[in-house]
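Read off the chains here:
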Amino acid sequence: MGCCNSTESKRDWKPLEERSCTDIPWLIIFILFCIGMACICGYPIATGAASRLISGYDSYGNTCGRTNNKIEGVPLSGRDMTENKYVFFLDPCNLDLINRRLKSIALCVSKCPATELQTHNDIKKFALSNGSHLCSYDISPTKYTSHSERFTKCPKLPVVQSKAIPVLHRCIPVDISCWAKFAQAFITFVSDNTVLRRVIVGVMASKEIIMGLCVLALVLSLIMMVVIRYISKVLVWIVTVLVIIGSIGGTGVLWWLYADRRSAVESNTTLVFEKEVASDNVKALLVYAIGATIFTVVLLLVMFFMRKRVALTISLFHVAGKVFIHLPLLVLQPFWTFICLMLFWVYWIAVLLFLGTAGTPIKNNSTGVVEYQMQGPLQYMVWYHAVGLIWISEFILAFQQMTIAGAVVTYYFTRNKSQMPATPILSSMARTIRYHLGTLAKGSFIITLVKIPRLILTYIHSQLKGKENACARCMLKACVCCLWCLEKCLAYLNQNAYTATAINSTNFCTSARDAFLILVENALRVAAINTVGDFILFLGKVLIVSCTAFAGVLALNYQKDYTVWVLPLLIVCLFAFLVAHCFLSVFENVVDVLFLCFAVDTKYNDGSPGRQYYMDKALMEFVENSKKMGQYKPDDGDGREMRSMARGGTLA
């Protein structure tokens, strides 16, 4: 198989007529890069770092559950830990945010404390009863109560109840107050401990409601996809009316609840804690009501000015609904992509943790503990690994786009739909794997080249926050903004390049050029689709989030327990938006692919004998109506033909 490297300035578009491998050099580069990623994973496994991470190790370089070698300069190293299989932290709640680690001495113990130990005498009895020494190795259990360094080399009192993690062999505190300290450290804007306590109590008391509302968001997203399939022609107006009603109704309900709760608080004579919770809810409702009012006004103004630019969008939405009828498995694409990304991210994090325990053991003179550091060229493996996170993640997303594009292109350019493959999605995946992985590797690498400097500048800006002058801060933000815009433009061009590759089986650069020329020739249509179409899909997301939030407000309002609404409602709304975005982004991709196919079809065909359209009847009606209104003039295609698909036959 040879790589398709067409360099002609003018050539025919041949939809799925022939297939050839594209961008083979980039496929080889990507395979070599993945082999490098595998070697990085193999290095900590071969050197024992992976086993050290899984089994756990103490602050003196001893790996728990096995015999260890002596480390020079560390007297407590080289101990036999065959019986001590669990890692115990003397102060498990002391988190160092700057260095992203626990500021605690770690020891290997044979058993985690199953009950709370109040005094050093309790620690002594625990050690003598089961041989699990919770103080430093150089202190005998009989001296736990009298040793001069017991306050620094023994656990912080009281020793909380802990439970061993099955795989990682760490003693983790059972008490939720320890996790509250972590949350308090991360949520820096919370200055009042009682506020944080009430928020955590609210989340725990509302966990069943949160889970139920998340399921509701998933169901609403599926219902939206069903609505798109069966009534896509009137979907635009239905969504518009529902959003108007939902926005106005939701805003009114929020103001009503605010007034009702405010009057209830003013007449409330219950406990102080309950009154504080009710006051927090009143403030939250006021903020929600004001925000909803502003959002509703802006939304109504935008919808008023965009009401006329929906003709082509409605036609494309109608055809997209038919696509989902013929290709129902397209709905599941976000699930497969999400699973692949999750598996890769779990692998990436595991390897990163392995690398954190790889290298040479070095004693930290300031703390006296042993740290593992990679020296020389090996320390750059982390940077290679970080680039792999971005490139392979973008590659997985690109594979989804190419799969969708291939399936939709097959649907569009097959005149007789009964002659389509039995499994178009699987056929598209097979074509992508066989012919176009190199194209995906090149396209995802281009996005990676732009994303890496943007992330670096964003990190620098966050680290220098409050230290740099106003001019430097403005320049950094401008650079980040420009790179973000460039990334979005390239991502949009990449998506259309994948569609062109699915149509014509050309390499990435040729496909990107062809797609760019088509998009430039249809710039006004592109603007209309990207404004009206994306806005309608955004309204669908707003509808799902609004319905979920509305149900959440009602459920939390009638909940008997006194809880703070802020965090549970935010969690539910965030999940609802993410779910809606995953489902409707597939519909958006289908519309974009259909538009490029439509643009190519109208460029090279005019409906005359020998140059029949491939398009659906809904798009045909749009073209005929545009001709009658004098808004559409077919392109003569410079005399070039668009060859029909091999299995498609002629248009009846």
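This is a predicted model, so every value here is computed, not measured.

Draft legend 1. Broad picture of unusual backbone geometry. Looking along the chain, the bond that leaves Leu157 and enters Pro158 is cis, with omega of -10 degrees. With respect to the helices, strands and loops of the structure, Pro158 is situated in the loop between helix 4 (150-153) and strand 5 (162-164). The phi torsion at His169 lies on the positive side, around 55 degrees, for a residue other than glycine. Along the chain, the position of His169 falls in the loop between strand 5 and strand 6 (171-173). For His169, a relative accessible area of 23% puts it in the partly exposed group. One non-glycine residue, Ser505, lies in positive phi territory at about 60 degrees. Relative to the helices and strands, Ser505 is located in the loop between helix 15 (470-504) and helix 16 (508-521).

Draft legend 2. Layout of helix 3 (residues 120-130). Residues of helix 3 that are buried include every one of His120, Ile123, Phe126 and Ala127, and no others. For helix 3, the buried positions fall inside an angular range of 115 degrees around the axis, keeping them on one side. In helix 3, the exposed positions angled more than 90 degrees off the buried face are occupied by Lys125, Leu128 and Ser129. Against helix 4 lie the buried residues of helix 3.

Draft legend 3. The arrangement of the nonpolar core in detail. If you look at the biggest cluster of nonpolar residues, it comprises 81 residues, and the most contacted ones within it are Leu330, Tyr412, Val590 and Leu594. The biggest single contributor to this core is helix 18 (residues 566-604), with 17 residues. Setting aside chain neighbours within four positions, we find Leu594 in contact with Leu316, Val319, Ala320, Val323, Val408 and Tyr412. The next biggest cluster of nonpolar side chains, apart from the first, holds 28 residues, and it includes Tyr60, Val74, Leu107 and Leu117.

Draft legend 4. View of the side chain of Thr602. As for its position among the elements, Thr602 is in helix 18. In terms of polar contacts, Thr602 uses its side chain to reach the backbone carbonyl oxygen of Ala599, at 3.1 Å.

Draft legend 5. Focus on the packing of helix 12 (residues 381-412) against helix 15. At a minimum axis distance of 9 Å, the contact between helix 12 and helix 15 shows a crossing angle of 45 degrees. Comparing the axis directions of helix 12 and helix 15 gives the class oblique. Every pair of crossing elements has a handedness; the one defined by helix 12 and helix 15 is right-handed. Along the contact surface, helix 12 presents Ala398, Gln401, Met402, Ala405, Gly406 and Val409, while helix 15 presents Gln495, Tyr498, Thr499, Thr501, Ala502 and Ile503. Residues that form the contact of helix 12 with helix 15 fall into these classes: seven nonpolar, five polar and no charged.

Draft legend 6. The arrangement of the pattern of salt bridges in detail. Overall, the coordinates contain seven salt bridges when judged by the stated rule. Glu394 serves as the salt-bridge partner of Lys451, at 2.7 Å between the closest nitrogen and oxygen. A residue pair is termed long-range when its members are at least 10 positions apart, and Lys451 in helix 14 (residues 437-463) and Glu394 in helix 12 qualify at 57 residues. Accessibility classification places Lys451 together with Glu394 in one group, the buried group. Lys603 is paired through a salt bridge with Glu521; the nearest N and O atoms lie 3.2 Å apart. Here the residue Lys603 occupies a position in helix 18, and Glu521 occupies one in helix 16, the gap between them amounting to 82 residues. By relative accessible area, Lys603 is classed as buried at 10%. Here the residues in one salt-bridge network are Glu394, Lys451, Arg454 and Glu487, joined through shared partners.

Draft legend 7. Just a nonpolar patch on the surface, in detail. Taken together, the side chains of Leu218, Leu222, Leu329, Leu332, Phe335, Trp336, Phe338, Ile339, Met342, Leu343 and Trp345 make up a nonpolar region of the molecular surface, amounting to roughly 980 Å² of accessible area. With respect to the helices and strands, Phe335 occurs in helix 11 (residues 333-356). We classify Phe335 as partly exposed; its relative accessible area is 35%.

Draft legend 8. Quick peek at the confidence of the model for the protein. Summarising the model, the protein shows a mean pLDDT of 78, and 79% of its residues fall at 70 or more. Per-element confidence in the protein is highest for helix 12, whose mean pLDDT is 92, and lowest for helix 6 (residues 193-205), whose mean pLDDT is 54. In the predicted structure, residues 186-193 sits below a pLDDT of 50 and forms six contacts with residues beyond four places in sequence or in another chain. Confidence over residues 637-652 falls short of pLDDT 50; this stretch has 47 contacts with residues more than four positions distant or in other chains.

Draft legend 9. Quick look at the packing of helix 1 (residues 24-46) against helix 12. Where helix 1 contacts helix 12, the axes come no closer than 10 Å and their chain directions differ by 130 degrees. Between helix 1 and helix 12, the crossing angle belongs to the class labelled oblique. At the point where helix 1 passes helix 12, the crossing takes the left-handed sense. Packed against helix 1, whose contacting residues are Trp26, Ile29, Phe30, Leu32, Phe33, Cys34, Gly36, Met37, Ile40 and Tyr43, the element helix 12 presents Met381, Tyr384, His385, Val387, Gly388, Trp391, Ile392 and Phe395 at the interface. Residues of the contact of helix 1 with helix 12, tallied by class, amount to 15 nonpolar, three polar and no charged.

Draft legend 10. Seen up close, the state of the cysteines. Applying the stated rule across the entire model yields three disulfides. Between the sulfur atoms of Cys64 and its disulfide mate Cys108 the distance is 2.0 Å. Looking along the S-S bond of the Cys64-Cys108 disulfide, the torsion reads about -85 degrees, which is the left-handed sense. Of this pair, Cys64 sits in the loop between helix 2 (49-55) and strand 1 (86-89) while Cys108 sits in strand 4 (residues 106-109), and the two are 44 residues apart along the sequence. What pairs with Cys112 in a disulfide is Cys171, and their sulfur atoms sit 1.9 Å apart. Between Cys112 and Cys171, the S-S dihedral sits near -75 degrees, and the bridge is therefore left-handed. Highlighted residues: Cys112 in the loop between strand 4 and helix 3 and Cys171 in strand 6, separated in sequence by 59 residues. Each member of the pair, Cys112 together with Cys171, is buried. For the unlinked cysteine Cys41, the closest cysteine sulfur is that of Cys39, found at 9.7 Å.

Draft legend 11. Quick peek at the packing of aromatic side chains. Evaluated as defined, the whole model comprises 15 aromatic pairs. Consider the rings of Phe30 and Trp391, whose centres lie 5.3 Å apart with planes at 75 degrees: the pair is edge-to-face. Of the two residues, Phe30 is situated in helix 1 and Trp391 in helix 12; the sequence distance between them amounts to 361 residues. In terms of burial, Phe30 and Trp391 fall into one category: buried. Between Tyr412 and Phe413, the ring centres sit 5.0 Å apart and the planes meet at 70 degrees, which makes this aromatic pair edge-to-face. Taking relative accessible area as the criterion, Tyr412 reaches 2% and is therefore assigned buried. The lysine or arginine in question, Arg415, covers the ring of Tyr614, its NZ or CZ lying 3.8 Å from the ring centre. The ring of Tyr604 is capped by Lys603, whose NZ or CZ atom sits 5.7 Å from the centre of that ring.

Scoring rules and cut-offs
Residues numbered from 1 in each chain as written. Predicted model: local features only at pLDDT ≥ 70, side-chain atom pairs only at ≥ 80, totals over all residues. Heavy atoms only, no water. Helix = DSSP H or I, 4+ residues; strand = E, 2+ residues; numbered from the N terminus. Buried < 20%, exposed > 50% of the residue type's maximum accessible area, 1.4 Å probe, protein only. Arc of directions from axis to C-beta. Contact = heavy atoms within 4.5 Å. Core = buried A, V, L, I, M, F, W, Y, C linked by side-chain atoms within 4.5 Å. Polar contact = N/O pair within 3.5 Å; in protein donor to acceptor, adjacent residues only side chain to side chain. Axes fitted to C-alpha atoms, helices over the stretch in contact; angles between N-to-C directions. Parallel < 35°, antiparallel > 145°, perpendicular 65-115°, else oblique. Left-handed = near helix turned anticlockwise from the far one by under 90°. Nonpolar A, V, L, I, M, F, W, Y, C, P; charged D, E, K, R; others polar. Salt bridge = Lys/Arg side-chain N within 4 Å of Asp/Glu carboxyl O. Patch = residues over 30% accessible without salt bridge, like charges linked within 9 Å, V, L, I, M, F, W, Y side chains within 5 Å. Areas by Shrake-Rupley, 256 points an atom, 1.4 Å probe, with all protein chains shown as cover. pLDDT = per-residue confidence, 0-100. Disulfide = S-S within 2.5 Å. Phe/Tyr/Trp six-rings, centres within 6.5 Å; stacked < 30°, edge-to-face > 60°. Lys NZ or Arg CZ within 6 Å of the ring centre and 35° of its normal.

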